[in-house]
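Chain and residue survey
The chain contents come next:
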Amino acid sequence: MTLWVVLWWSAPRTTSSESESGGDPSVAELQDESKEIRLRSGAALAGVAAAFLAIMFWSTNALAAKFALAELGVVQVLALQFGGATATLATLRALRSARARRSGETMQGSSLRLSNIVGAVVVGVIGLMGTIFLQYLAFATAPIVEANVVAYGWPLFAALWAALAYRSRQTLAGVPLAIIGYAGIALILGSGTNFGSSDGAAAGYLAALASAVCMTFYTVMSGRSRVPAETFLLPATVFGMISALALCLTGFAPWLWTSASLGAWVASVYAGVGPMAGGFLLWSWAMSGEGAKRLTPLGYATPLLSTVLLLLFGEMFTAGTLLGAVLVLVCSIGVLLIDRRELG
């Protein structure tokens, strides 16, 4: 269904001004207008595709955490996760630099002022490192299904920000959709087992909520930044890796060499390579330009898909969870329909 909606959304269409105009535009004008529509539709479709790919990565994050945290400590998992993300982003940066040198091009962002770069790094540290640290703390201390849903409830805050910041019909129309999506999240949250009864669960839910706030901050600010995404994501992953290793070396969370299986180690590294490096890079691209005010409610698909994966791998299923998933799907499809109307 999602693929059908995206294909229908990107199909060529005639604007109302074309059908109502009584003039006889020249061939050159028609060609220019057609080219502009194709470029605009192509860029918008690329942004939607990038957003959905990021969501695909993020939907596997909780499942990877489930396997990793079952055998490794949370700080160990974070160290491996940030290490995998750092290696991925550094490799991409090196390949990009080598390609620029071969072609004689100037790397994007090389002419930016130091203040712009420092500001972007702050966005990366708060947005990426803060989100992931708090998210995995929530996964380790609260029931993972409920913590996952709360942590990925950040599109509600982003949609409310867009409505207040832009005050357009499109962003205001996204508010009811955000409410519908969050109602779905609330149903999934309320349908979980042992809600609020686990030791440390309250702190875990607070960590999940704080993670959602950090992710909202990243979504809003990364779309405004002129700095390439890896420029502020790479320092954030390096800082996160060093911080996690420091916690281990200082004895605050000692590294325990247990008999953890290879699967736990692979899951930890994958969480850095896929959901962290790949997901945040793709989301940064999707949020550029006006993406932050158009596409953020699509993030509601993340708790939907991740909850489905967790249920398939042994978490309890309830009718409330199913109804919540349907509401989240309605919210995501509604965003695409509004986006198509605005482009049309």
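See the structure above.
Every chain begins its residue count from 1, and numbering advances along the sequence as written. Given that the model is predicted, a residue must reach a pLDDT of at least 70 before its local features are reported, and side-chain atom pairs must reach 80 or more before they are shown or counted; all residues, however, enter totals for whole chains, interfaces and linings. By convention in this description, side-chain values take in all heavy atoms of the structure and omit both hydrogens and water.

1. Some points on the overall build of the protein chain
Per the secondary structure count, the protein chain includes 15 helices and zero strands. In the protein chain, buried positions account for 49% of the 344 residues. In what follows, residue pairs with any heavy atoms lying within 4.5 Å of each other are defined as contacts. Considering only contacts within the protein chain whose residues lie at least 6 apart along the sequence, 89% involve residues at least 24 apart. Surface summary for the protein chain: the accessible area is close to 16,400 Å², and the carbon and sulfur share equals 68%. Only DSSP runs of H or I covering at least 4 residues are called helices, and only runs of E covering at least 2 are called strands; the numbering of each starts at the N terminus. Partly exposed residues are those whose accessible area sits between 20% and 50% of the maximum for their type, while under 20% is buried and over 50% is exposed, using a 1.4 Å probe and protein chains only. Note on areas: Shrake-Rupley, 1.4 Å probe, and residue coverage restricted to the protein chains presented here.

2. Regarding the nonpolar core
We call a set of buried residues a nonpolar core when its members are Ala, Val, Leu, Ile, Met, Phe, Trp, Tyr or Cys and they connect through side-chain atoms within 4.5 Å of each other. With 71 residues, the main nonpolar core has Phe82, Tyr136, Phe139, Trp154, Leu233, Phe280 and Trp283 as its most contacted residues. With ten residues, helix H12 (residues 262-287) is the largest single contributor of residues to this core. Among the nonpolar cores identified, the runner-up in size contains eleven residues, and Leu177, Ala178, Tyr300 and Leu304 belong to it.

3. Considering the packing of aromatic side chains
Ring pairs (aromatic) are described by centroid distance and by the angle formed between their planes. Any two of the Phe, Tyr and Trp rings considered here, Trp counted by its six-membered ring, make a pair once their centres fall within 6.5 Å; the pair's planes then place it as stacked at under 30 degrees, edge-to-face at over 60, or tilted in between. Counting across every chain of the model gives ten aromatic pairs. With a centroid separation of 6.3 Å and an interplanar angle of 85°, the aromatic rings of tryptophan 58 and tryptophan 154 are classed as edge-to-face. Of the two residues, tryptophan 58 is situated in helix H3 (residues 27-59) and tryptophan 154 in helix H8 (residues 154-166); the sequence distance between them amounts to 96 residues. Under the relative-accessibility criterion, tryptophan 58 is labelled buried at 2%. Put simply, the rings of Trp58, Trp154, Tyr218, Phe232, Phe280 and Trp283 touch in pairs and so form one group of aromatic residues.

4. Details of empty space enclosed by the protein
Site definitions follow a grid-based scheme: protein atoms alone, a 1 Å grid, a 1.4 Å probe that fits but cannot get out for cavities, and for pockets an open set with protein on both sides within 12 Å along at least five of seven lines, plus lining residues having an atom within 4 Å of a point. Grid points are joined across faces, edges and corners, and a volume is the space filled by probe spheres set on the points. Tallying each qualifying case throughout the model produces three cavities of 30 Å³ or more. Thr131, Ile132, Gln135, Tyr152 and Phe280 are the residues nearest the centre of the second largest cavity, which is lined by 15 residues in total. Of all elements in the fold, only helix H6 (114-141), helix H10 (201-224) and H12 reach the threshold of two or more residues within the lining of the second largest cavity. Charged means Asp, Glu, Lys or Arg here, nonpolar means Ala, Val, Leu, Ile, Met, Phe, Trp, Tyr, Cys or Pro, and polar covers whatever is left, Gly included. Among the residues making up the lining of the second largest cavity, the classes are represented as ten nonpolar, five polar and no charged.

5. Examining the environment of valine 149
By the secondary structure assignment, valine 149 is in helix H7 (residues 144-151). Overall, the relative accessible area of 0% leaves valine 149 in the buried class. Distance from valine 149 to isoleucine 185, taken between C-alpha atoms, is 6.1 Å for residues 36 residues apart in sequence.

6. A closer look at the environment of proline 176
You can see proline 176 is positioned in helix H9 (residues 169-190). The class for proline 176 is partly exposed, based on a relative accessible area of 45%. Counting along the chain gives 17 residues from proline 176 to alanine 159, while the straight-line C-alpha distance between them is 9.5 Å.

7. A short note on H6
Helix span, expected: 1.5 Å multiplied by one less than the number of residues in the helix. Taking 1.5 Å of rise per residue, the 28 residues of H6 would be expected to cover 40 Å, and the 39 Å separating its terminal C-alpha atoms lies within 8% of that figure. The sharpest bend along H6 measures roughly 25° and falls at glycine 130. Bend at a residue means the angle formed by two fitted axes: the first through the 7 residues ending at that position, the second through the 7 residues beginning there.

8. A short note on the packing of helix H5 (residues 74-103) against H12
A pair of packed helices is captured by two measures, namely the crossing angle of their axes and the spacing between those axes. Contact geometry for H5 and H12: axes closest at 7 Å, N-to-C directions at 50°. In terms of orientation, H5 lies oblique with respect to H12. Between H5 and H12 the crossing geometry is right-handed. Across the interface between the two elements, Val77, Leu80, Gln81, Phe82, Gly84, Ala85, Thr88, Leu89 and Leu92 from H5 touch Trp265, Ser268, Val269, Ala271, Gly272, Val273, Met276, Ala277 and Leu281 from H12. When grouped by side-chain class, the residues that make up the contact of H5 with H12 number 13 nonpolar, five polar and no charged. Interaxial angles span 0 to 180 degrees and are taken between N-to-C directions of axes, which are lines fitted to C-alpha atoms, for helices over the stretch in contact. With respect to orientation, any angle under 35 degrees is reported as roughly parallel, any angle over 145 as roughly antiparallel, any angle of 65 to 115 as roughly perpendicular, and every other angle as oblique. Crossing chirality is assigned from the near helix's rotation relative to the far helix, an anticlockwise turn below a right angle marking it left-handed and a clockwise turn marking it right-handed.

9. Remarks on the packing of H6 against helix H11 (residues 229-249)
The interhelical angle for the contact between H6 and H11, taken along N-to-C directions, is 50°, at an axis separation of 8 Å. With respect to H11, the element H6 is oriented oblique. Read as a crossing pair, H6 and H11 show a hand that is right-handed. Listed contacts from H11 to Ile117, Ala120, Val121, Gly124, Val125, Leu128, Met129 and Phe133 of H6 are Thr231, Phe232, Leu233, Pro235, Ala236, Thr237, Phe239, Gly240, Ser243, Ala244 and Leu247. Of the residues in the contact of H6 with H11, the class split is 14 nonpolar, five polar and no charged.

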